[in-house]
Amino acid sequence: MSNEEMTSVWDRFKYGISKEEMFPDQAPIITEVVDSMRQLPIVGITQKEGGTQLKLIIEYEDGGQALFKPMRFPRTQETLPNHFYFTDYERHNAEVAAFHLDQLLGFRRAVPVTGRILNITRDIYSLAEGDLLKTFFISPAGNLCFHGKCSYYCDTSHAICGNPDMLEGSFAAFLPAKSVAPRKTWRHPWRRSYHKRRKAKWENDPDYCEVVKDVYPYNKGRRLLDVMDLSIFDFLMGNMDRHHYETFKLFGNDTFPVHLDHGRAFGRSSHDEMSILAPLYQCCVIRHSTTAMLLSYHSGPVLLSAALNRSLSSDPIKPVLTNQHLEAVDRRVGLVLQVVRECLDTAEMAENVVFIRDDLYSNVKPDQPVDDGHYFRREQ
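Residues numbered from 1 in each chain as written. Predicted model: local features only at pLDDT ≥ 70, side-chain atom pairs only at ≥ 80, totals over all residues. Heavy atoms only, no water.

Peer 1: It is not clear to me how the side chain of Arg332 should be interpreted in this structure. Could you clarify?
Peer 2: If you trace the backbone, Arg332 turns up in helix 12 (residues 323-346). A distance of 2.9 Å separates the side chain of Arg332 from the backbone oxygen of His271, its partner in a polar contact. Residues contacting Arg332, with those up to four places away along its chain left out, are Phe235, Leu236, Met237, Gly238, Arg268, Ser269, His271 and Asp272. (Helix = DSSP H or I, 4+ residues; strand = E, 2+ residues; numbered from the N terminus. Polar contact = N/O pair within 3.5 Å; in protein donor to acceptor, adjacent residues only side chain to side chain. Contact = heavy atoms within 4.5 Å.)

Peer 1: How should the layout of surface pockets be read in this particular structure?
Peer 2: If a probe the size of a water molecule is rolled over the atoms, the empty space left behind becomes visible. If you add up the space inside the largest pocket, you get close to 1,100 Å³. Taken together, 42 residues line the largest pocket, and the ones lying closest to its centre are Lys48, Leu67, Glu246, Leu260 and Asp261. Elements supplying a minimum of two residues to the lining of the largest pocket: strand 3 (65-70), helix 3 (92-104), strand 8 (166-173), strand 9 (183-187) and strand 10 (244-248). Each residue belonging to the lining of the largest pocket can be placed in one class, and the counts come to 19 nonpolar, nine polar and 14 charged. (1 Å grid on protein atoms, 1.4 Å probe; cavity = no way out; pocket = protein on both sides within 12 Å on 5 of 7 lines; lining within 4 Å. Points joined across faces, edges and corners; volume = space filled by probe spheres on them. Nonpolar A, V, L, I, M, F, W, Y, C, P; charged D, E, K, R; others polar.)

Peer 1: Quick question: what am I supposed to make of the sheet that holds strand 7 (residues 160-161) here?
Peer 2: Sheet strands line up and pair through hydrogen bonds in the backbone, either parallel or antiparallel. Spatial ordering of the open sheet is given by 5-6-7, a layout of three strands whose pairing is antiparallel. At either margin of the open sheet sits one strand with a lone partner, and together these are strand 5 (137-138) and strand 7. With two bridges connecting them, strand 5 and strand 6 (residues 144-146) associate as antiparallel partners. Among the inter-strand pairings, Phe137 is bridged to a residue of strand 6, identified as Cys145. (Pairing = 2+ DSSP bridges.)

Peer 1: Which parts of the structure should I look at to understand the packing of helix 10 (residues 288-299) against helix 12?
Peer 2: In a packed pair of helices, the relevant descriptors are the angle between the two axes and the axis-to-axis distance. Closest axis-to-axis distance for the helix 10/helix 12 pair is 10 Å, and the angle between their directions is 135°. By the criterion of interaxial angle, the relationship of helix 10 to helix 12 is oblique. The handedness of the crossing between helix 10 and helix 12 is left-handed. Note on element contacts: helix 12 touches helix 10 through Val333, Gly334, Val336 and Leu337, opposite Thr291, Leu294, Leu295 and His298. (Axes fitted to C-alpha atoms, helices over the stretch in contact; angles between N-to-C directions. Parallel < 35°, antiparallel > 145°, perpendicular 65-115°, else oblique. Left-handed = near helix turned anticlockwise from the far one by under 90°.)

Peer 1: Looking at this model, I keep getting lost on the pairing of strand 10. Mind explaining?
Peer 2: Successive residues of a regular strand alternate their side chains across the two faces of the sheet. The buried count for strand 10 comes to four of five residues, which makes it a mostly enclosed element. Pairing analysis gives five bridges linking strand 9 to strand 10, with the strands arranged antiparallel. Following the sheet pairing, Lys184 is matched in strand 10 by Thr247. (Buried < 20%, exposed > 50% of the residue type's maximum accessible area, 1.4 Å probe, protein only.)

Peer 1: What is the right way to look at the environment of Phe137 in this model?
Peer 2: Looking at where Phe137 falls in the secondary structure, it is placed in strand 5. A C-alpha to C-alpha distance of 9.2 Å links Phe137 and His147, two positions 10 residues apart in sequence. Dropping the residues within four chain positions of it, Phe137 is found in contact with Asn143, Leu144, Cys145, His147, Thr156 and Ala159.

Peer 1: Whenever I open this one, helix 3 confuses me. Can you help?
Peer 2: With 13 residues, helix 3 should cover 18 Å at 1.5 Å per step; its first-to-last C-alpha distance of 19 Å lies within 8% of that length. With 12 of 13 residues buried, helix 3 is to be regarded as a mostly interior element. Looking only at helix 3, the buried set comprises His92, Asn93, Ala94, Glu95, Val96, Ala97, Ala98, Phe99, His100, Leu101, Asp102 and Leu104. Positive backbone phi, at 80°, marks Gly106, one or two positions downstream of helix 3. (Expected span 1.5 Å × (residues − 1).)

Peer 1: Explain the environment of Val339 here, please?
Peer 2: On the secondary structure map, Val339 appears in helix 12. Val339 sits 55 residues away from Cys284 along the chain, and the two C-alpha atoms are 8.4 Å apart. Beyond its immediate chain neighbours, meaning those up to four positions away, Val339 contacts Met274, Leu277, Leu280 and Tyr281.

Peer 1: What should I look at first to understand unusual backbone geometry in this one?
Peer 2: Glycine aside, a negative phi is what most residues show, and trans is what most peptide bonds show. The omega angle of the peptide bond from Asn163 to Pro164 is -15°, so this bond is cis rather than trans. Turning to its location among the elements, Pro164 is positioned in the loop between strand 7 and strand 8. In the segment running from Gly300 into Pro301, the intervening peptide bond is cis, with an omega of 15°. Examined against the element boundaries, Pro301 turns out to sit in the loop between helix 10 and helix 11 (304-312). Positioned with a positive phi, Arg108 is a non-glycine residue whose angle comes to about 55°. Summarising the element assignment, Arg108 is placed in the loop between helix 3 and strand 4 (113-119).

Peer 1: It is not clear to me how the pattern of salt bridges should be interpreted in this structure. Could you clarify?
Peer 2: Should their charged atoms come close, side chains of opposite charge can pair. Considering all chains together, one arrives at 26 salt bridges under this definition. Glu21 is the salt-bridge partner of Arg108, the closest N and O atoms lying 3.0 Å from each other. Here the residue Arg108 occupies a position in the loop between helix 3 and strand 4, and Glu21 occupies one in the loop between helix 1 (9-14) and helix 2 (28-39), the gap between them amounting to 87 residues. The two residues Arg108 and Glu21 agree in class, both being buried. Taken together, the shared-partner salt bridges in this structure form one network comprising Arg109, Arg222, Asp226, Asp229, Arg287 and Asp358. (Salt bridge = Lys/Arg side-chain N within 4 Å of Asp/Glu carboxyl O.)

Peer 1: Sorry, what's going on with the nonpolar core here?
Peer 2: Nonpolar side chains in soluble globular proteins tend to end up buried together. Ile124, Phe146 and Trp190 are the most contacted members of the largest nonpolar core, which totals 106 residues. When residues of this core are assigned to their parent elements, the largest contribution, 10 residues, is made by helix 8 (residues 223-237). Excluding residues within four positions of it along the chain, Phe146 makes contact with Leu54, Leu56, Ile120, Ile124, Leu132, Thr135, Phe136, Ala159, Ile160 and Leu167. (Core = buried A, V, L, I, M, F, W, Y, C linked by side-chain atoms within 4.5 Å.)

Okay, structure coming up:
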């Protein structure tokens, strides 16, 4: 598509995705996409099929689309102590915070996300049809509620309610259609078991990384280092729900993993789930650029919490995170750097841990297996 044909904000974002990143640093188009998701009138809604919890596909008057996740609880309500990571509620504010954090870490691998406050009556109820429409009701408190249909938490006792009909939510920009830009889905090598009793192999095998490093594309170049970045990103947010990731097929295997779906992040501010960092402490490899970024936030003058809070202050649903979650981010930066220091202490050379360039990492050997996206099955 030529530049002349890319007239919409949405097309210019989608066709601006490169092999290296979702969008360039300080890209004006991201501001335009975010502003459009915040401001454009909504002309259609449909419930997204699949998934464990309610999500709506939002259609704007200019033909653009966004994925809407509604607010369920106040910011102060954290993950329930008896909930497993795979049954935790999704938090709309976590999606917003994750997008900003991804940028501040210099990754730029997440889709643009913004908060927005809707009028349920005007923006959802008046546009709802079929099964979704049947789930609307007025609560005993006089608030307009709905619950849609999904596999978890889509019933009257877990309804989404306005106040009385105003509702916060996160709006995530759509990626290019898969018919235009197909994506490959990869089972994450450090995927959790998603089972109440069973553990994944990596949780019982401290040498598990040797298995991963022996498999293409984790045996050379950027992919394993991307997984390290992703584990650090998830750890800073407390996100345990990373079962798969996607890449754009057009760019082959030497490209970034898309950072998607962060609704279960920022759930427990007082707990640091160190197992999220298993890729880092088992493999002991990390990019120099990621290390330098973390060190700069750790030593100041601007802490990551301050940078994140300042970035989030422009969002319509501010404050996006509680002070406890912001403080947790700074604490976790120190914990990541502590793991890196421990790796350096046990390494023969620092160059075996911290890589200045992706191409310097190589573990290529004859006859290594190839991951087709499903290599790391549960039994692996």
